[in-house]
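Given next are the chains, with one letter for each unit.
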Amino acid sequence: MRYLLRTGKHLSDTHITMIVTRHKFRGRMYFAWAAALLAASSVPQFGAPFASTPAYAQSVKQKPSAAHGKAAPSPSSGTPQAPAPTAQAPKFPPRAPFTAADDAAATIPGIPDARFFADATGEFKKALPAQAGPWLLLSTGGADGAFGAGLLTGLSAGGHRPDYSVVTGVSAGALMAPFIFAGPKYDPALQALYTQTSAPDIFEVGSTGESFLDTWPLRDLIKKHVTPELLSDIAAAYKSGRRLFVITTDLDAERSVVWNMGVIAAHAGENGKDDNGAALNLFRSILLASSSIPGAFPPVLIDVEGNGKHFSEMHVDGGVGGQFFVAPAPLMESTSGYKIPATALYVVVNSGLQPDFQVVERSTPSILAQSVGMAVKNDIRLMLDRAFIAAKNSNIGFNVASIPADFNAPSRGAFDPNYMKALFQTGFDLGKGGNAFADRPPPYPGQSAGPSTVPPETSDQTTSTDPGAGK
């Protein structure tokens, strides 16, 4: 079974299979990334085997025209037509020059406190809420974000969900973070996003000159769901003292950037008419940038000003700098002495951490997929260990939830709705049952969890409304 993706190129049956089939891989985006590298660079120009079938015509939506932002009209003939040969990838004009010093000083015009570099310890501390509370940290994961969406929705249903004083999101975690931060009111929207979305809602196959896939569908999806009403609720939560941080990667500077989304939402509410929706558009662009896998998805250019110059920074997936975000790296060092000003950390890992055995095919996408998948899981484990030590040194509770090792629903393609529904339900059941979180990082294969080393007097059971924390 295959998904018919939006495509601006003619793909052979073999290439389509490589793009949308995942074998044992779950809904993880890194497989689509790896497969797309080969597929988009080697597809033939003509001869799509099913381009003239009704199923293809109904499943593939045409790209909006640049002039009108609407779908191009279909041919007047009732017979579906094969796509025209793809034009050569566009050449972009030279970018405005700027220096590292310009970028270090750069701010968003009109919203100077909208963001800071993720390694800037002073600005991070200044951005934190005045009152300590539980922090929620949402990881990368692509379609596996359905797990985190289900888990948080389940926590709401079971009455176990606290008002997190800080919510951070990276990549897939960034896309769900605004809805979670704004409260259970948005649980239905969160569920719809992760159970009714499929590959054509995320990307179109075809080179943009900056990437092998085009994410105009994802951009439109974000625009549909990230509304002025959502920003109004986020602004209200920000003004009450809570914080929402989304992470992108400034590729020019090779530094992660933390966006204070509450500041941007508040600016949109107070100055929306004056800035012609610039703050709302910035909010949406940040979410798109945080999930823009470099090479696979186009980067997002964000206009800034620094040292009297106006220029655009190139931002890509926040996961380039880490799979989730707690605090600046210097503060997370085991020797830093920094005390995280939270009552507990909750890390939601939108991934399984156990090895996925596979006899790897001798093909570029399969080799890339297995390699990237292994690297991501190792990175998550190392980050979890650092977060656990930081929580221990801060005398606060540590909690982590990840996709259970026994979850084995098949995925038949990129962003398979049936797979995502099953994963959402798994997360929902864990959250509602109050047993979603463990109080230490998951054990490596062949090892038992062992006793907790979080001090009992500071465990989550005394700082959280989740009765399953610490189990």
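Below, the structure is looked at part by part.

Conventions we followed
Residues numbered from 1 in each chain as written. Predicted model: local features only at pLDDT ≥ 70, side-chain atom pairs only at ≥ 80, totals over all residues. Heavy atoms only, no water. Helix = DSSP H or I, 4+ residues; strand = E, 2+ residues; numbered from the N terminus. Buried < 20%, exposed > 50% of the residue type's maximum accessible area, 1.4 Å probe, protein only. Phe/Tyr/Trp six-rings, centres within 6.5 Å; stacked < 30°, edge-to-face > 60°. Lys NZ or Arg CZ within 6 Å of the ring centre and 35° of its normal. Axes fitted to C-alpha atoms, helices over the stretch in contact; angles between N-to-C directions. Parallel < 35°, antiparallel > 145°, perpendicular 65-115°, else oblique. Left-handed = near helix turned anticlockwise from the far one by under 90°. Contact = heavy atoms within 4.5 Å. Nonpolar A, V, L, I, M, F, W, Y, C, P; charged D, E, K, R; others polar. 1 Å grid on protein atoms, 1.4 Å probe; cavity = no way out; pocket = protein on both sides within 12 Å on 5 of 7 lines; lining within 4 Å. Points joined across faces, edges and corners; volume = space filled by probe spheres on them. Salt bridge = Lys/Arg side-chain N within 4 Å of Asp/Glu carboxyl O. Polar contact = N/O pair within 3.5 Å; in protein donor to acceptor, adjacent residues only side chain to side chain.

Considerations on the environment of S366
Argument step 1. Within the secondary structure, S366 sits in helix 14 (residues 364-393).
Argument step 2. Judged by its relative accessible area of 11%, S366 is buried.

Thoughts on the packing of aromatic side chains
Argument step 1. Tallied over the entire structure, the rule returns 11 aromatic pairs.
Argument step 2. Note on F124 and W135: the rings are 6.4 Å apart at their centroids and 75° apart in plane angle, and the pair reads as edge-to-face. One end of the pair, F124, is in helix 5 (residues 121-127); the other, W135, is in strand 3 (residues 134-138), and 11 residues separate them in sequence. With respect to class, F124 is no different from W135; both count as buried.
Argument step 3. Put simply, the rings of F116, F124, W135, F245 and F325 pair up and form one aromatic cluster.
Argument step 4. The ring of F117 carries R255 above its face, with NZ or CZ at 3.7 Å from the centroid.
Argument step 5. Looking at R381, its charged tip hangs above the ring of Y444, at a distance of 4.3 Å from the centre.

Regarding the packing of helix 9 (residues 216-225) against helix 12 (residues 278-290)
Argument step 1. Between helix 9 and helix 12, the shortest axis-to-axis distance is 10 Å and the interhelical angle comes to 135°. Judged by the angle between their axes, helix 9 and helix 12 are oblique. Crossing hand, helix 9 versus helix 12: right-handed. Of the residues in helix 12, those in contact with L218, R219, I222 and K223 of helix 9 are R284, L287 and L288.
Argument step 2. Here the residues of the contact of helix 9 with helix 12 sort into 4 nonpolar, no polar and 3 charged.

Some points on empty space enclosed by the protein
Argument step 1. In total, this model carries 2 cavities of 30 Å³ or more according to the counting rule given.
Argument step 2. Computed from the structure, the largest cavity encloses a volume of approximately 60 Å³.
Argument step 3. What lines the largest cavity is L331, M332, E333, S334, S336, G337, Y338, I389, A390 and N393.
Argument step 4. Mapped onto the lining of the largest cavity, the elements with two or more residues apiece are helix 13 (329-332) and helix 14.
Argument step 5. Considering each element in turn, the lining of the largest cavity owes the most residues, 3 residues, to helix 14.
Argument step 6. Tallied by class, the residues present in the lining of the largest cavity amount to 5 nonpolar, 4 polar and 1 charged.

Some remarks on the packing of helix 7 (residues 172-181) against helix 10 (residues 228-239)
Argument step 1. Interhelical geometry of helix 7 versus helix 10 gives an angle of 70° and a closest axis separation of 9 Å. In terms of orientation, helix 7 lies roughly perpendicular with respect to helix 10. Here helix 7 contributes P178, F179 and F181 to the contact with helix 10, which in turn contributes L230, I234, A237 and Y238.
Argument step 2. Considered class by class, the residues forming the contact of helix 7 with helix 10 number 7 nonpolar, no polar and no charged.

Overview of the pattern of salt bridges
Argument step 1. By the definition in use, this model includes 10 salt bridges.
Argument step 2. Close ionic contact of R255 with D119 constitutes a salt bridge, the shortest N to O distance being 2.7 Å. With R255 in strand 8 (residues 255-260) and D119 in the loop between strand 2 (115-117) and helix 5, this pair connects stretches of sequence that are 136 residues apart.
Argument step 3. Judged by relative accessible area, D119 falls into the partly exposed class, the value being 36%.
Argument step 4. Linking K185 and D233 is a salt bridge whose minimum nitrogen-to-oxygen distance equals 3.0 Å. Residue K185 is found in the loop between helix 7 and helix 8 (187-195), and its partner D233 is found in helix 10; the two are separated by 48 residues along the sequence.
Argument step 5. Each of K185, E229 and D233 takes part in a single network of salt bridges with overlapping partners.

Observations concerning helix 11 (residues 261-271)
Argument step 1. With 8 of its 11 residues buried, helix 11 lies for the most part within the structure.
Argument step 2. Taken together, the buried residues of helix 11 touch helix 10, strand 7 (243-250), strand 8 and helix 12.

Section: the environment of T140
Argument step 1. Positionally, T140 belongs in the loop between strand 3 and helix 6 (145-158).
Argument step 2. Between the C-alpha atom of T140 and that of V376, which follows or precedes it by 236 residues, the distance is 9.4 Å.
Argument step 3. Those residues in contact with T140 that sit more than four places away from it in its chain are V170, S171, A172, G319, Q323 and N350.
Argument step 4. A polar contact is formed between the side chain of T140 and the side chain of Q323, at a distance of 2.7 Å.

Some thoughts on the side chain of D317
Argument step 1. Mapped onto the elements, D317 comes out in the loop between strand 10 (309-316) and helix 13.
Argument step 2. Each residue touching D317, except ones within four places of it in the same chain, is listed here: S171, T249, A289, S290, S291, S292, I293 and P294.

Fair warning: the whole summary comes from geometry, so function is off the table for now.
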